[in-house]
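Coordinate analysis (summary)
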Amino acid sequence: MSEITGLERAYTYLKGKRPDKMPLWHDSMYLAWKLSGVSDLRDYVINPEAIARGYERYVEQFKVDITGAYLDQWALYEVLGAEVEILPHVVQPKTPSWRYRPDRGVYEKFRDVDDLDKYDPRRGRRAAALFKAWGILMDRFGDKVLFRQGIPGPAATLALVVGTPEIMRDVMIFPGLLDELRELLLGPVMDWTVQVSVMLVEAVDYQNFNMSFVTYDRSFLDPELRKWLASIDLEFLKRVRNEIGWNVPVTTHVCSYDPDLDFIYEHFGKMVNELQFYSPGSTYPLGEAVQKFGGRIPLCAGIDHLGTLYAGTRREVEEMVKRSIELGKECETFALGPGCGLALGTPLENVKLLAELRDTYGVWS
Amino acid sequence: MAEAIYEYASSFRPFDVEREVRRLVSEGVDPKLILELLRKALLNAYQLYRQGVYGLPHLSAMVTTFHMALEAMGDKFHPSENAPKVLMGTLGSIHYIGKDIIKCFYIAEGFNVLDLGENLLAEDFIKGIEFFKPHVVALSIFLTNVLNELEKIVSFLEEKELRREVKIIIGGAVANEHIARKYRVDGWGRDPGEAVKLVYEMLEKIGGEK
């Protein structure tokens, strides 16, 4: 009997059941870039064939069941004014002129962003390349591998354009700004973000919608602001689910170093199909997460991508994965995955080892 | 009254702080007094942050307040001559908020700080080390894409036999014990409180290894 596909494995896991073996998730913008054969990052990020080629090779070499094809996190927001500089080794935001002198006026431009004729993300070069790359990848792998696909909520739309430290600062120093932002976030910015979410899900043939909960790091927001943000994100997730259909699974992304998994589960647990998070390597022990949530929701974790996978020996990687799988077997179901995209420079032999170890130890008997 | 600075800073009113600092400086008030008031406000905010009452938005507002106050003081403010010297910067990327928060702590602590900024490569730090002759080099690192640059900085210090006099500490998303071990750095940390303690530990090591 032929083996089930990675996509089937992923769907079984997302339904809360155990497939033949634990699905393996990981992805990496920078490793895919290196695999594409295009040496200049500036050329790579606007070349859909190169982007698709990089991820094709990624899937083939590393035998993942779940992955993600993406560029930098500002690509979709270029049309809203997110400016980046592309250095030889990284894509990153430009320093805004309001970094050291706050400017309340920067939020004015968001009042009409719901006009998608004007603010279609595909007007940006990198986003346009991504959409084409997704088409290529769906043709090649759409029935075999699950591509995690999504966009963070409306607050992230603002933050990634204005600057995250800047917006965090501004809500403290400008009286009344929080209320103004709430109006924007529940209005035009929500509309834009929801519409773009639907476009993204369509681009991966409705495989899933990925919701980011990165901001729910215990060291980020105070409790009041966290609840404020959660009310907006909940509204966002409801609207997205209404648009794409409630049968489309919602995957998650919690790459935080100090994740407030309890808060995330309490507020969003009923709206998502899994809890992906960074452990080991973060402050939240995997064992504790397994005990608290393993019987209630599919969990995806187990690989310290910045520590052991990046700088550890083969033996250390093996010990880490074995231990994570042992803990994973105490859950209703479990997927093996890192905290976030794998880092450039992660030894390829360590990455290849993950599928081997999963095949050896991660079989559900 | 100079104490208004503490109230304005604690209430996240950087423009009021800036105005008040300019006024006090023009009246000849000792900049060390101004810095002490800012330090109190910063430590108070950090305490509330550690207790979970405040978050990064509060610390972010503090960074802007500190920066605007220091700008307003201009060349009137100087660290003391014997102050420990810390060279800092972000390696290879734009990430700055964590570094800037820690910079405020270092300045408030009385260290002599030279912040090289962001998007730095090894040669920037090496020039900074040769120019500034720091006790501690504090690197903020968020991307593994540039860890080869960290290797170059460490190797430079080893080749020049400066490892006893100059200590390297790292912070940021990529800072962990595996990276610290692999790149032979002297310490690593993940929050401002640890960053200040680390400098004192490094100073002790330097004193002990002399």
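Residues numbered from 1 in each chain as written. Chains lettered and ligands numbered in written order. Predicted model: local features only at pLDDT ≥ 70, side-chain atom pairs only at ≥ 80, totals over all residues. Heavy atoms only, no water.

Residues and elements named next belong to chain A. Compared with an ideal rise of 1.5 Å per residue, which puts 22 residues at 32 Å, helix α10 (residues 223–244) spans 31 Å between its outermost C-alpha atoms and is within 8% of the ideal. Within α10 the residues assigned to the buried category are L225, R226, W228, L229, A230, I232, D233, F236, L237, V240, R241 and I244. The first or second residue beyond α10 is G245, which carries a positive phi of 100 degrees. (Helix = DSSP H or I, 4+ residues; strand = E, 2+ residues; numbered from the N terminus. Expected span 1.5 Å × (residues − 1). Buried < 20%, exposed > 50% of the residue type's maximum accessible area, 1.4 Å probe, protein only.)

Further remarks concern the side chain of H178 of chain B. Mapping H178 of chain B onto the fold places it in helix α8 (residues 177–182). The exposure class assigned to H178 of chain B is buried, which follows from its relative accessible area of 14%.

All names here are of chain B. Pairing in this open sheet of five strands is parallel, and the strands run β2-β1-β3-β4-β5 from one edge to the other. In this open sheet, the two strands that pair with only one neighbour each are β2 (112–115) and β5 (187–189). The sheet shows a mean angle of 20 degrees between the axes of neighbouring strands, taken without regard to direction. Helix α6 (residues 122–132) contacts β1 (85–90), β2 and β3 (136–140) of the sheet and is inclined by roughly 165 degrees relative to β1. Where helix α7 (residues 147–159) meets the sheet, it contacts β3 and β4 (167–171), and its direction lies at approximately 165 degrees from that of β4. (Pairing = 2+ DSSP bridges. Axes fitted to C-alpha atoms, helices over the stretch in contact; angles between N-to-C directions. Contact = heavy atoms within 4.5 Å.)

Once that is clear, we can look at unusual backbone geometry. Note that the residue after S279 of chain A, namely P280 of chain A, is joined by a cis bond; omega there is 0 degrees. Here P280 of chain A shows up in the loop between β7 (275–276) and α12 (286–293). Notably, K133 of chain B is not glycine yet its phi reads approximately 50 degrees, a positive angle. The topology assignment puts K133 of chain B in the loop between α6 and β3. In this structure, E161 of chain B is a non-glycine residue whose phi angle is positive, near 55 degrees.

Let us now look at the environment of A52 of chain A. Residues and elements named next belong to chain A. By secondary structure assignment, the location of A52 is in helix α4 (residues 48–62). Taking the C-alpha atoms as reference points, A52 and L137, separated by 85 residues in sequence, lie 6.0 Å from one another. With sequence-adjacent residues up to four places away left out, A52 is seen in contact with A133, I136 and L137.

This brings us to the interface of chain B and chain A. Contacts between chain B and chain A engage 39 residues on the former and 35 residues on the latter. Taken together, the two surfaces of chain B and chain A that pack against each other cover about 3,100 Å², and 59% of this comes from carbon and sulfur. For R99 of chain A, the salt bridge is made with D100 of chain B, and the minimal N-O distance between the two is 3.3 Å. In this assembly, chain B and chain A are joined by 16 residue pairs in polar contact (both at pLDDT 80 or more). For the side of chain B that touches chain A, the leading source of residues is helix α4 (residues 56–73) of chain B, giving eight residues. Classifying every residue of the side of chain B that touches chain A gives 20 nonpolar, 13 polar and six charged. (Buried area = accessible area lost by both parts, 1.4 Å probe. Salt bridge = Lys/Arg side-chain N within 4 Å of Asp/Glu carboxyl O. Polar contact = N/O pair within 3.5 Å; in protein donor to acceptor, adjacent residues only side chain to side chain. Nonpolar A, V, L, I, M, F, W, Y, C, P; charged D, E, K, R; others polar.)

A few words now on the packing of helix α2 (residues 14–26) of chain B against α4 of chain B. Residues and elements named next belong to chain B. For the pair α2 and α4, interaxial distance at closest approach is 8 Å and the crossing angle is 25 degrees. Taken together, the axis directions place α2 and α4 in an arrangement best described as roughly parallel. In this structure, the crossing between α2 and α4 has a hand that is right-handed. For the pair formed by α2 and α4, the contact residues are P14, F15, V17, E18, V21, R22 and V25 on the first element and T64, T65, M68, A69, A72 and M73 on the second. Per-class residue counts for the contact of α2 with α4 are nine nonpolar, two polar and two charged. (Parallel < 35°, antiparallel > 145°, perpendicular 65-115°, else oblique. Left-handed = near helix turned anticlockwise from the far one by under 90°.)

Our next topic: the sheet that holds strand β8 (residues 299–303) of chain A. Residue and element names in this part refer to chain A. On the basis of which strands lie adjacent, the open sheet formed by three strands has the order β7-β8-β9 and parallel pairing. Both outer strands of the open sheet, β7 and β9 (334–338), are each paired with one neighbouring strand and no more. One ladder, built from two bridges, connects β7 with β8; its direction is parallel. The partner of L275 across the bridge, within β8, is L299. Against the sheet, helix α14 (residues 314–328) contacts β8 and β9, and its axis sits at roughly 150 degrees relative to β9.

Time to look at the nonpolar core. Core analysis: the largest hydrophobic core is formed by 181 residues, its most contacted members being Y44, W192 and F209 of chain A together with Y106 of chain B. Among the elements that line this core, the one with the most residues is helix α9 (residues 188–203) of chain A, at ten residues. Among the domains, domain 1 (4–76) and domain 2 (85–209) of chain B are the pair contributing at least three residues each to this core. Among residues more than four places away in sequence, those in contact with Y44 of chain A are M29, A32, W33, S36, V38, A50, I51, Y55 and L71 of chain A. Within the second largest apolar cluster, 32 residues are counted, among which are Y310 of chain A together with L147, V154 and A180 of chain B. (Core = buried A, V, L, I, M, F, W, Y, C linked by side-chain atoms within 4.5 Å. Domains from an automatic or database assignment.)

Attention shifts here to the domain arrangement of chain B. All names here are of chain B. Domain boundaries assigned for chain B yield domain 1 (4–76) and domain 2 (85–209). For domain 1 versus domain 2, the distance between C-alpha centres works out to 25 Å. With twelve residues of domain 1 at the contact, the number on the domain 2 side is eleven residues. In total, about 1,100 Å² of surface goes out of reach between domain 1 and domain 2, with carbon and sulfur atoms giving 80% of it.

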